[in-house]
Amino acid sequence: MAPPSEHPDAPANDLAEQSSSAGVDRAAPAPGAGAAASGPGAPAAPASAEASPLSRQASSRPRGRVVALTGAASFLGRNLIGILEEDPGIARVVAIDIKPPDTGGSKLRLHTIDLTAPASEERVAEVLAAEQVDTLVHLCFLSSPTPATAWAHELESVGTMHLLHGARQASLRKLILWSQTILYGAHPTNPNFLTEKHPLRADPDERFFADKMAAEREFNAFGAKAKGTTVTILRTAPILGPTVQNYLTRYLARRLVMTMLGFDPLWQFIHEVDAIAAFKLAIDGDFPGTFNIVGDGVLPVSTIVRLAGRTPFPVLHSAAGPLVAALWAAHAAIAPPSFLRYLRYVCVADGEKAARVMGFRPVYTTREALLDYISAQRLRDVRLLQETPA
């Protein structure tokens, strides 16, 4: 899934975007955002200045629920914050990130915590207790692979451990984790639809997969020990829509799209609106367990490429691996060679459990999510749509 990049500097730009959206860049907090800086190089705040706001917040019980989100400046985080701000049942929205989200209003409280920092778990515990958080949504994950694998590991795997260590010291009613259906892995023995009971068999040597699978294990272990805390894991299909940006949208934005000669697997998507709606549903209700969040229907890769108006570039499997490996090492590919398996074998998830237990019904089908993305992308192609996707 990684044809030659049209822009040799794209990986560097992608990494900068991922750092910002994942909440681990070094951007200064917005003035007046009420952020308490932590992490390397941050100026130490006076004890009275640090404690006073939190003490005032803890002194009175909020009239409504308090929801905290990590990765608050990411695509999912920003949109969820905007929805939570409009919910009269939500008293406060606590953003845990380095970069402040641009959708916050009067309910937002920003705490700049770098989850890769060793001291972050103490800060997390302090914030969760002081803000009286009852629901914590963990969204601090990369939406696209990065060559900076050591940093990604610190963010996703170690960062999740720091977060949960801090959460153990707070009285949380609910924990929600963002995961992805691609973690099931693409294999020739996969059934037509993978349920939540199937094991996660994505390439364990690929850091993009391994760290997310480790985060799921940490959450499941936490849920097994934490009595009274509902732990929900939402595995979304690849998210597609007019404003989201990830490895999939970059793949489909290329004029020349790599495919595997002799293979045409089925893919499925979830529209960005439906993905956000699923998280709001999990915040509003109590749904312990793991759920596949997918759009209805599937499409073969050949149809996806044709509908996108792109030209397929079929490559022999034996040649594709070395080619993509070289391009990835040169920062000139969209994804590493491990993603090529998804151009050969099916990896489609069953959303029946989410429909039955959560009542989740996607508004957009897989085909409609694709067409909505394509409509916006065609405007960008002819420079009639200037904004950069989130």
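The structure this text deals with has already been given above.
Because the structure is predicted, anything quoted here is derived from the model rather than measured.

(A) Structural view of the overall build of the chain. In terms of regular secondary structure, the chain is built from 12 helices and 13 strands. Relative to its full complement of 390 residues, the chain shows a buried share of 56%. When the accessible area of the chain is evaluated, it comes to approximately 15,900 Å², of which 57% is carbon and sulfur surface.

(B) Fine view of helix α5 (residues 149-167). Its 19 residues give α5 an end-to-end C-alpha distance of 26 Å, which sits within 8% of 27 Å, the value for a rise of 1.5 Å per residue. Where α5 bends most, at Gly159, the angle is about 40°. Among the residues making up α5, those that are buried are Ala152, Leu155, Glu156, Ser157, Val158, Gly159, Thr160, His162, Leu163, Leu164, Gly166 and Ala167.

(C) Layout of the pattern of salt bridges. Inspection of the entire model under this criterion finds 13 salt bridges. The partner of Arg65 in a salt bridge is Asp134, with the nearest N and O atoms 3.3 Å apart. Separated by 69 residues along the polypeptide, Arg65 in strand β1 (residues 65-70) and Asp134 in the loop between α4 (120-130) and β4 (135-138) bring together distant segments of the chain. Judged on exposure class, the residue Arg65 and its partner Asp134 are both buried. The residue Arg207 makes a salt bridge to Asp211 at a minimum N-O spacing of 3.2 Å. With Arg207 and Asp211 both in helix α6 (residues 207-225) and four residues apart, this pair spans about one turn of that helix. A relative accessible area of 32% places Arg207 in the partly exposed class. Taken together, the shared-partner salt bridges in this structure form one network comprising Asp87, Lys280 and Asp284.

(D) Focus on the packing of aromatic side chains. According to the stated counting rule, one finds 10 aromatic pairs in the structure shown. Consider the rings of Phe208 and Phe339, whose centres lie 5.7 Å apart with planes at 50°: the pair is tilted. Placement of Phe208 in helix α6 and of Phe339 in the loop between α10 (317-329) and α11 (352-358) is noted, with a sequence separation of 131 residues between them. Per residue, the accessibility class of Phe208 equals that of Phe339, and both read buried. Between Phe209 and Tyr342 the ring centres are 6.0 Å apart and the planes differ by 55°, which places this aromatic pair in the tilted class. Of this pair, Phe209 sits in helix α6 while Tyr342 is found in the loop between α10 and α11, placing the two residues 133 residues apart along the sequence. Judged by relative accessible area, which is 7%, Tyr342 ranks as buried. Following the ring pairs from residue to residue traces out a cluster consisting of Phe208, Phe209, Tyr247, Phe339 and Tyr342. Sitting above the plane of the Phe208 ring, Lys212 keeps its charged end 3.6 Å from the centroid. In this structure, Lys353 packs its charged tip against the face of Phe291, placed 4.8 Å from the ring centre.

(E) The sheet that holds strand β11 (residues 289-293), seen in detail. Ordered in space as β3-β2-β1-β4-β5-β6-β11, the seven strands form an open sheet in which the pairing is parallel. With one partner strand each, in any of the chains shown, β3 (108-111) and β11 form the two edges of the open sheet. Along the sheet, successive strands turn relative to each other by an average axial angle of 20°, direction set aside. Direction of pairing for strand β6 (residues 230-236) relative to β11: parallel, over a ladder of five bridges. Each bridged residue has a counterpart across the sheet, and for Thr232 the counterpart in β11 is Gly289. Each of β1, β4, β5 (174-180), β6 and β11 is contacted by helix α8 (residues 272-284), which is oriented at about 160° to β5, the strand it contacts most.

(F) Looking closely at a nonpolar patch on the surface. Taken together, the side chains of Leu256, Phe313 and Leu323 present a nonpolar region at the surface, about 230 Å² in accessible area. Looking at the element boundaries, Phe313 is found in strand β13 (residues 311-315).

(G) Expanded view of the packing of α5 against α6. Interhelical geometry of α5 versus α6 gives an angle of 5° and a closest axis separation of 9 Å. Taken as axis vectors, α5 and α6 run roughly parallel relative to one another. Only Arg207, Phe208, Asp211, Lys212, Ala214, Ala215, Glu218, Phe219 and Phe222 of α6 make contact with α5, whose side of the interface consists of Thr149, Ala152, His153, Glu156, Ser157, Thr160, Met161, Leu164 and Ala167. Looking at side-chain class alone, the contact of α5 with α6 contains nine nonpolar, four polar and five charged residues.

(H) Local environment of the pairing of strand β8 (residues 256-260). Counting buried residues along β8, four of its five residues qualify, which places the element largely inside the surrounding structure. Alignment of β8 against β13, held across five bridges, turns out to be parallel. Residue Leu256 lies in a different strand from β13, and its bridge partner there is Thr311.

(I) Focus on unusual backbone geometry. Even without glycine at this site, Gln132 takes up a positive phi of about 55°. Here Gln132 is to be found in the loop between α4 and β4. The class of Gln132 is buried, set by a relative accessible area of 14%. Positive phi is not limited to glycine here, since His331 has a value of about 60°.

(J) A look at α4. The element α4 is largely enclosed, with a buried count of eight among its 11 residues. Looking at α4, one finds that the buried residues are Ser120, Glu121, Arg123, Val124, Ala125, Val127, Leu128 and Ala130. Phi turns positive, to about 55°, at Gln132, one or two residues after α4.

Conventions used here
- Residues numbered from 1 in each chain as written.
- Predicted model: local features only at pLDDT ≥ 70, side-chain atom pairs only at ≥ 80, totals over all residues.
- Heavy atoms only, no water.
- Helix = DSSP H or I, 4+ residues; strand = E, 2+ residues; numbered from the N terminus.
- Buried < 20%, exposed > 50% of the residue type's maximum accessible area, 1.4 Å probe, protein only.
- Areas by Shrake-Rupley, 256 points an atom, 1.4 Å probe, with all protein chains shown as cover.
- Expected span 1.5 Å × (residues − 1).
- Bend = angle between axes of the 7 residues up to and from the residue.
- Salt bridge = Lys/Arg side-chain N within 4 Å of Asp/Glu carboxyl O.
- Phe/Tyr/Trp six-rings, centres within 6.5 Å; stacked < 30°, edge-to-face > 60°.
- Lys NZ or Arg CZ within 6 Å of the ring centre and 35° of its normal.
- Pairing = 2+ DSSP bridges.
- Axes fitted to C-alpha atoms, helices over the stretch in contact; angles between N-to-C directions.
- Contact = heavy atoms within 4.5 Å.
- Patch = residues over 30% accessible without salt bridge, like charges linked within 9 Å, V, L, I, M, F, W, Y side chains within 5 Å.
- Parallel < 35°, antiparallel > 145°, perpendicular 65-115°, else oblique.
- Nonpolar A, V, L, I, M, F, W, Y, C, P; charged D, E, K, R; others polar.

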